[in-house]
Amino acid sequence: MIRIKDIEEYVEDNMLETIFREREDEIYKRTKKDKEEISKISAKYSVDYEKLIESVKNLPPHFNNIRENIISKLDEYNMKQSLIVAYDNEKFYKARIL
């Protein structure tokens, strides 16, 4: 049986990238069981991004400058967390292939 480690010097990085992206798409398709588990987690932790943004938007008018800053920081935090999860997933998946 040939293992990836045996042929990794012949494997192009962009090939590995393509394999990762295809596998990532497959992994992120949610099954019925996935949806049920996510629903349980969401019920336990009811705060989500949209609720936070709506709460900030409902601050009194004299908090206009602060409101925009909070929304901006929440957007940055949300993006950071998404990128960290994507990086970790990619690292884990590629490590498993090699």
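None of the values given here were measured: they were computed from a predicted structure.

Student: Please explain helix H3 (residues 32-44) as it appears in this structure.
Tutor: Since the α-helix packs 3.6 residues into each turn, any two residues three or four apart lie on the same face. Under the 1.5 Å per step criterion, the end-to-end length of H3 is 19 Å for 13 residues, consistent within 8% with the ideal 18 Å. Counting buried residues in H3 gives 0 out of 13 residues, a small share hidden from the surface.

Student: Which parts of the structure should I look at to understand the pattern of salt bridges?
Tutor: The final tally for this structure, using the stated rule, is 2 salt bridges. Between Glu37 and Lys40 there is a salt bridge whose closest N-O contact spans 3.4 Å. You can see Glu37 and its partner Lys40 sitting in helix H3, 3 residues apart, about one turn around the helix. Its salt-bridge partner being Lys73, residue Glu76 comes within 3.9 Å of it at the nearest N-O pair. Taken together, the residues Glu76 and Lys73, both in helix H5 (residues 64-97) and 3 residues apart, mark about one turn of the helix. Accessibility expressed as a relative area gives 46% for Glu76, which makes it partly exposed. When its relative accessible area of 46% is taken as the criterion, Lys73 is described as partly exposed.

Student: Quick question: what am I supposed to make of the side chain of Arg67 here?
Tutor: Relative to the helices and strands, Arg67 is located in helix H5. No salt bridge is formed by the buried Arg67, whose closest oppositely charged neighbour, Glu68, lies at an N-O distance of 5.2 Å. Filtering out sequence-adjacent residues up to four positions away, Arg67 remains in contact with Val56, Lys57, Leu59, Pro60 and Pro61.

Conventions used here
- Residues numbered from 1 in each chain as written.
- Predicted model: local features only at pLDDT ≥ 70, side-chain atom pairs only at ≥ 80, totals over all residues.
- Heavy atoms only, no water.
- Helix = DSSP H or I, 4+ residues; strand = E, 2+ residues; numbered from the N terminus.
- Expected span 1.5 Å × (residues − 1).
- Buried < 20%, exposed > 50% of the residue type's maximum accessible area, 1.4 Å probe, protein only.
- Salt bridge = Lys/Arg side-chain N within 4 Å of Asp/Glu carboxyl O.
- Lys, Arg positive; Asp, Glu negative; His and termini not counted.
- Contact = heavy atoms within 4.5 Å.

Limitation: the analysis is restricted to geometry and does not speak to function.
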